[in-house]
Amino acid sequence: MSHTPAALETGTGLDNRKLLMWLFLASECLLFGSLIGAYLLYRGQSVVGPYPEDLFDIPFTSVSAFVLLMSSVTMVLALAAIQRGDQRGLRIWLLSTALLGLLFLSGQAFEFTEFNHEGLSLSSNLFGTTFFVLTGFHGAHVTVGVLILLSLLVMAWRGRLTQSQSLNIELAGLYWHFVDVVWIVIFTLIYLIQP
Amino acid sequence: MVGALRRLRQEGESYQGVWSWLTTVDHKRIGIMYGVTAFLFFLMGGIEALLLRIQLSSPNNAVLDPDQYNRIFTMHGTTMIFLVVMPLSAAFFNLLIPLMIGARDVAFPRLNAFSFWVFLGGGLFMNASFFTGGNILKGELGAPDAGWFGYAPLSLQSAGTGIDFWAFGLLILGVASMASGFNFIVTIFNMRAPGMTLLRMPLFVWMTLVTSFLIIFAMPIITVALFQLLFDRLYGANFFNFEAGGQPLLWQHMFWLFGHPEVYILILPAMGIVSEVLPTFSRKPLFGYPFVVISGLAIAFMSWGVWAHHMYTTGLGPIANSAFGVSTILIAVPTGIKIFNWLATLWGGAISLKTPLFFAVGFISMFVIGGLTGVIHSIVPSDYQQQDTYFVVAHLHQVLLGGAMFGLFAGIYYWFPKFTGRLLHEGWGQLHFWLMFIGFNITFQPMMILGLLGMPRRIYSYPEGAGWEWWNAVATVGALLIGVSILVFMFNVVLSLRRNDQAGPDPWDGRTLEWAIPSPPPAYNFREIPTVRARDDFWHQKYEEDETGRPVPIVGGGAQEPEEEEHAEGEGHGIHMPSPSFFPLIAAIGLPIIATGLIYDAAIVAVGVAVLVVGIYGWALEPASE
Ligand code: HEM
Ligand SMILES: [Cu+2]
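Residues numbered from 1 in each chain as written. Chains lettered and ligands numbered in written order. Predicted model: local features only at pLDDT ≥ 70, side-chain atom pairs only at ≥ 80, totals over all residues. Heavy atoms only, no water.

Chemist: Kindly report on the site of ligand 1, identifying the contributing residues and their values.
Modeler: Residue and element names in this part refer to chain B. In the vicinity of ligand 1, 24 residues are found, and the nearest of them are Trp 148, Asp 383, Gln 387, His 395 and Arg 457. The contact in question runs from an oxygen atom of ligand 1 to an N or O atom on the side chain of Gln 387, over 2.8 Å. Between ligand 1 and the protein, one listed contact pairs an oxygen atom with a side-chain N or O atom of Arg 457 at 2.8 Å. When contributions to the shell around ligand 1 are tallied by element, the ones reaching two or more residues are α9 (249-282), α12 (355-378) and α14 (390-420). In terms of residue count, the dominant contributor to the shell around ligand 1 is α12 (six residues). Each residue belonging to the shell around ligand 1 can be placed in one class, and the counts come to twelve nonpolar, nine polar and three charged. (Near = heavy atom within 4 Å. Polar contact = N/O pair within 3.5 Å; in protein donor to acceptor, adjacent residues only side chain to side chain. Helix = DSSP H or I, 4+ residues; strand = E, 2+ residues; numbered from the N terminus. Nonpolar A, V, L, I, M, F, W, Y, C, P; charged D, E, K, R; others polar.)

Chemist: Give me the lowdown on the coordination of the copper ion (ligand 2), citing residues and values where you can.
Modeler: All names here are of chain B. Coordination sphere of the copper ion (ligand 2), protein contribution only: His 260 (ND1), His 309 (NE2) and His 310 (NE2), at 1.8 to 2.1 Å. Donor residues for the copper ion (ligand 2), ordered by position in the chain, follow H-x48-H-H. Between the copper ion (ligand 2) and the iron atom of ligand 1 the interatomic distance amounts to 4.6 Å. Placement of His 260 in helix α9 and of His 310 in the loop between α10 (289-302) and α11 (318-346) is noted, with a sequence separation of 50 residues between them. With a relative accessible area of 7%, His 260 lands in the buried category. (Donors = N, O, S within 2.8 Å, 3.2 Å for Na, K, Ca; no water. Buried < 20%, exposed > 50% of the residue type's maximum accessible area, 1.4 Å probe, protein only.)

Chemist: With reference to specific residues and values, describe the packing of aromatic side chains.
Modeler: In total, this model carries 77 aromatic pairs over all chains according to the counting rule given. Taken together, a centroid distance of 6.0 Å and an interplanar angle of 45° make the contact between Trp 19 of chain B and Phe 582 of chain B tilted. In this pair, Trp 19 of chain B sits in helix α2 (residues 18-22) while Phe 582 of chain B sits in the loop between α18 (563-566) and α19 (583-600), placing the two residues 563 residues apart along the sequence. Ring geometry for Phe 281 of chain B against Tyr 414 of chain B: centres 5.7 Å apart, planes inclined by 65°, an arrangement best described as edge-to-face. With Phe 281 of chain B in helix α9 and Tyr 414 of chain B in helix α14, the pair connects residues that are 133 residues apart, well separated along the chain. Here the two residues Phe 281 of chain B and Tyr 414 of chain B agree in accessibility, since each one is buried. Directly above the aromatic system of Trp 157 of chain A lies the positively charged group of Arg 91 of chain A, at a separation of 5.8 Å from the ring centroid. Over the face of the ring belonging to Phe 149 of chain B we find Arg 458 of chain B, whose NZ or CZ atom lies 4.0 Å from the ring centre. (Phe/Tyr/Trp six-rings, centres within 6.5 Å; stacked < 30°, edge-to-face > 60°. Lys NZ or Arg CZ within 6 Å of the ring centre and 35° of its normal.)

Chemist: Which residues make up α14 of chain B, and what values go with them?
Modeler: Considering bend angle alone, the principal kink of α14 of chain B is centred on Tyr 414 of chain B and spans about 40°; proline Pro 417 of chain B follows within four residues of it. Positive phi appears at Gly 421 of chain B, one or two residues downstream of α14 of chain B, with a value of about 80°. (Bend = angle between axes of the 7 residues up to and from the residue.)

Chemist: Can you tell me about the coordination of the iron atom of ligand 1, naming the residues and giving the values?
Modeler: Looking at the protein side alone, the iron atom of ligand 1 has one donor only, His 395 of chain B (NE2), at 2.1 Å. Position of His 395 of chain B relative to the elements: it lies in helix α14.

Chemist: Lay out the interface of chain A and chain B in plain terms, naming residues and giving numbers.
Modeler: Each side of the interface is counted separately: chain A has 38 residues, and chain B has 39 residues. Counting every contact that joins chain A to chain B gives zero salt bridges. Of all the secondary structure elements, the ones that give two or more residues to the side of chain A that touches chain B are α2 (16-41) and α6 (126-157) of chain A. No other element matches the 14 residues that α2 of chain A contributes to the side of chain A that touches chain B. Of the residues contributing to the side of chain A that touches chain B, the split by class is 19 nonpolar, 15 polar and four charged. (Contact = heavy atoms within 4.5 Å. Salt bridge = Lys/Arg side-chain N within 4 Å of Asp/Glu carboxyl O.)

Chemist: Go over the pattern of salt bridges with me, naming the residues and quoting the values.
Modeler: Following the criterion strictly, the structure yields 13 salt bridges over all chains and no others. In this structure, Arg 84 of chain A engages Asp 86 of chain A in a salt bridge whose closest nitrogen and oxygen atoms are separated by 3.0 Å. Arg 84 of chain A gets classed as exposed once you look at its relative accessible area, which sits at 55%. One salt bridge in this structure joins Arg 71 of chain B and Asp 67 of chain B, with 3.0 Å as the shortest N-O distance. Of this pair, Arg 71 of chain B and Asp 67 of chain B both sit in helix α4 (residues 66-101), four residues apart, which is roughly one turn of that helix. Among the charged side chains, a salt-bridge network with shared partners connects Arg 283, Asp 506, Asp 509 and Lys 542 of chain B.

Chemist: So, the packing of α9 of chain B against α11 of chain B: which residues are in play, and what are the values?
Modeler: A pair of packed helices is characterised by two quantities: the angle between their axes and the separation of those axes. Residues and elements named next belong to chain B. Contact geometry of α9 with α11 gives a least axis separation of 9 Å together with a crossing angle of 15°. Relative to α11, α9 is oriented roughly parallel. Note that α9 runs across α11; the crossing there is left-handed. Every residue of α11 that contacts α9 at His 260, Tyr 264, Leu 268, Met 271, Val 274, Ser 275, Leu 278, Pro 279 and Ser 282 is listed here: Ile 331, Thr 335, Lys 338, Trp 342, Thr 345 and Leu 346. Residues of the contact of α9 with α11, tallied by class, amount to nine nonpolar, five polar and one charged. (Axes fitted to C-alpha atoms, helices over the stretch in contact; angles between N-to-C directions. Parallel < 35°, antiparallel > 145°, perpendicular 65-115°, else oblique. Left-handed = near helix turned anticlockwise from the far one by under 90°.)

Chemist: Any chance you could break down a negative patch on the surface for me, citing the residues and the numbers?
Modeler: All names here are of chain A. A cluster of like negative charges, contributed by Glu 53, Asp 54, Asp 57, Glu 114 and Glu 118, occupies part of the molecular surface. Considering the arrangement of structural elements, one finds Asp 57 in the loop between α3 (52-55) and α4 (58-83). Note on Asp 57: relative accessible area 38%, which makes it partly exposed. (Patch = residues over 30% accessible without salt bridge, like charges linked within 9 Å, V, L, I, M, F, W, Y side chains within 5 Å. Areas by Shrake-Rupley, 256 points an atom, 1.4 Å probe, with all protein chains shown as cover. Lys, Arg positive; Asp, Glu negative; His and termini not counted. Charge placed at Lys NZ, Arg CZ, Asp CG, Glu CD.)

Chemist: Quick rundown of the packing of α2 of chain A against α6 of chain A? Include the residues and the values.
Modeler: Residues and elements named next belong to chain A. For the pair α2 and α6, interaxial distance at closest approach is 8 Å and the crossing angle is 160°. With respect to α6, the axis of α2 lies roughly antiparallel. Here α2 and α6 pass one another in a crossing that is left-handed. Contacts between α2 and α6 involve Glu 28, Leu 31, Phe 32, Leu 35, Ile 36, Ala 38 and Tyr 39 from the former and Phe 127, Thr 130, Phe 131, Val 133, Leu 134, Phe 137, His 138 and His 141 from the latter. Partitioned by chemical class, the residues of the contact of α2 with α6 number eleven nonpolar, three polar and one charged.

Chemist: Give a detailed account of the domain arrangement of chain B, specifying residues and quantitative values.
Modeler: Residue and element names in this part refer to chain B. Assigned domains of chain B: these are domain 1 (1-190) and domain 2 (501-565). Taken together, the contact pairs twelve residues of domain 1 with 14 residues of domain 2. Together domain 1 and domain 2 conceal approximately 880 Å² of surface at their shared face, both sides included; 57% is due to carbon and sulfur atoms. Applying the counting rule to domain 1 against domain 2 returns eight residue pairs in polar contact (both at pLDDT 80 or more). Those elements giving two or more residues to the side of domain 1 that touches domain 2 turn out to be α3 (27-56) and α4. Per element, the largest residue contribution to the side of domain 1 that touches domain 2 is five residues, and it comes from α4. When grouped by side-chain class, the residues that make up the side of domain 1 that touches domain 2 number six nonpolar, two polar and four charged. (Domains from an automatic or database assignment. Buried area = accessible area lost by both parts, 1.4 Å probe.)

Chemist: If you had to explain unusual backbone geometry to someone new, which residues and values would you point to?
Modeler: Trans peptide bonds make up most of the peptide bonds, and negative phi angles are found at most residues other than glycine. Residue and element names in this part refer to chain B. Cis rather than trans, the peptide bond between Ala 152 and Pro 153 has omega equal to 5°. When you line up the elements, Pro 153 lands in the loop between α5 (109-128) and α6 (154-157). Of note, the amide linkage connecting Ser 519 to Pro 520 takes the cis form, showing an omega dihedral of -15°. Counting through the fold element by element, Pro 520 comes out in the loop between α16 (469-499) and α17 (537-542). With a phi close to 50°, Asn 60 is a non-glycine residue in the positive phi region.

Chemist: Describe the nonpolar core, and please don't skip the residues or the numbers.
Modeler: Core analysis: the biggest nonpolar cluster contains 253 residues, and Leu 94 and Phe 131 of chain A together with Trp 251, Phe 363 and Phe 409 of chain B have the highest contact counts within it. Examining the composition of this core, we find that 22 residues originate from one element, α4 of chain B, more than from any other. Two domains each provide a minimum of three residues to this core, namely domain 1 (1-190) and domain 2 (501-565) of chain B. Look past the residues within four positions of Leu 94 of chain A in its chain and what remains in contact with it is Met 75, Ala 78, Leu 149, Leu 152, Leu 153, Ala 156 and Ile 169 of chain A. (Core = buried A, V, L, I, M, F, W, Y, C linked by side-chain atoms within 4.5 Å.)

Below, the structure is given as structure tokens:
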């Protein structure tokens, strides 16, 4: 079974692993949908501060959102590189994507500590509860993504990611773009649109 | 570490005996493990049920104290739903889907093994909570005590670690269900034999597909709800904390938004099984196949829009209540369509009255009563009277035990010969059926009356003189009878395995592809991947119709894979099957360890994460055979 090119024989024409990834991401939509729903439901319901308007630093978060957005670009470049057999390009762009992801995560860590200093915590009020759980889940997804990218980078370095295995990069890319899009939604709904 | 991983892998390929089961990625073996494990949990949940019934058999009884009662009734419901009906259905997905669509295995055999081990770990983890309450021999039970629905704020106020075990346990089980949901969707979409178009798929395959979609969309919702509960309990978050402005009712919305699709996750596989059993034993194709498929899809879609019928009395207001009442009544329409199609399948058929058919007809009759009581619930003013009474208990057992479990037993009797090569004994099988059917009705019809007499559910005892004594005593007798019927079933299995009544490849004159291959099937299932030309393809290889539409056997038809040849030396060696792997098991072990650590001690979390990481990396670096 192993050495047959699966994509050619499947019922949908999609490779099994790719279909799996699409289904997984569809299911993730409900996970984030529920988390975002809980945030929106409780928006403005906190009985004590601190409130979002006291804490949000829109310029700062815009920069980190931009960083994450750029990482999607480098991810696309990594895929393009492996597809044309450019190993050096693959390594460069994988590394850049991982680094941008890490940069985003440090931004989030910084933001969390800042908010914490100003008195926001998981238990301080509803805003703290819903904010940390939502963005925390997203951050955990980015962390997993960075780990995947770094693992792929190591494989690429050892020459274990050849042109014919570009599907691995494609799958990591799908996940990465998804996590990115989720951040755009969170950023818009939670940071930008303030009632 | 890489070296150690590699060694583990090489050993894996030569394992035999127990080790070959621990490393297996064969869908049939995984299916058998799912089935056996779920059955053991069924015994566990059954003993819990009997304890509850004995406690309730007479007023002011003191077999269980209130605390024990709450824990046992919580574990009973949780076990029966998540550790019995769902995994028994998963057992059938595993055993049958590749065979029915003409494939050699599922799309991701190792992911499949992972699902099973995660399920087993989650089930054991959940039940381990019994030991956390002190000395279990003195009756000091741990275990969750807020019901299978875990309503906040009750589930927040519950002391001890029972609810934490419950929530983490359900999260772990959710991983198992979702992994198998993804796997079976990909398998059904991508791995069908040539000619097996969607509308030629056996109905069981359709219902598996629909159920899998429900699983991957419903599970994330309960996942979030459980995390919210755990954050509130363990880290002082405020999701359900009324003082901080949180709304405990949010839990009910999330739980039932998951919960109603969940009830169809429980029933659709059984409906699929019944839709296979009825045609075989009436020797007629399923009546109105496309309608049955479409009703299944309609049920799945509509199941997302009815959740608040569990919440009529929470004060949502008349408009919301009416809207949900209407949507709930509407969902009974596709359900009814299925029932009429099943009846029409039996109508005028050449009925062969065997045990699987008994259970299938038992399913239809009990499920009809269950569905009708559901419709009674859906009418808001009527439900105001029934909510939280034994009438609801009667309804849910009518659909779950009378429905899902009867359907699953029909499947066990029907496919047992396929996977063991032995027929189950007919006489004992029918005795099992009648005892269970009569016991079931003696247990649960009285609960309808009790509910209408106003007996509330979720109580550990009741006073004398409320007029509930007689029917409670009757219900307990019925429950004991069901217990006896299960003993008869177990006896039958042992007896039949000993008796060696060889089934042969096609004991029931079946219609679908699994009957075309030997029993038990070889590891690679099909020596040659079949080409499918019709719905019920195997039947059409065996029979053609005369002018009056009656089936006439084709001479030599349907014999393309005779059993004898399979035993020939060296047969099937040219077929490359996925190699066994240890890593799904290792990765799966990581999850309960992490959960234990999150309840007790962060250091244990690190161990769990390490185990998980070893499992995942070993898995990913293994030369892929899938
Ligand atoms: C015709 C289809 C059905 C309708 C109209 C229906 C309707 C309802 C309603 C309105 C309730 C809420 C009653 C109350 O709490 O007052 C309910 C409860 C319940 N139903 Fe159904 N139902 C149907 C089929 C099913 C099926 C197929 C299953 C499972 C296999 C199921 C399982 C349950 C369970 C477990 C509960 C109780 C939940 C709890 O409170 O613990 N139902 N049903
Ligand atoms: Cu419901």
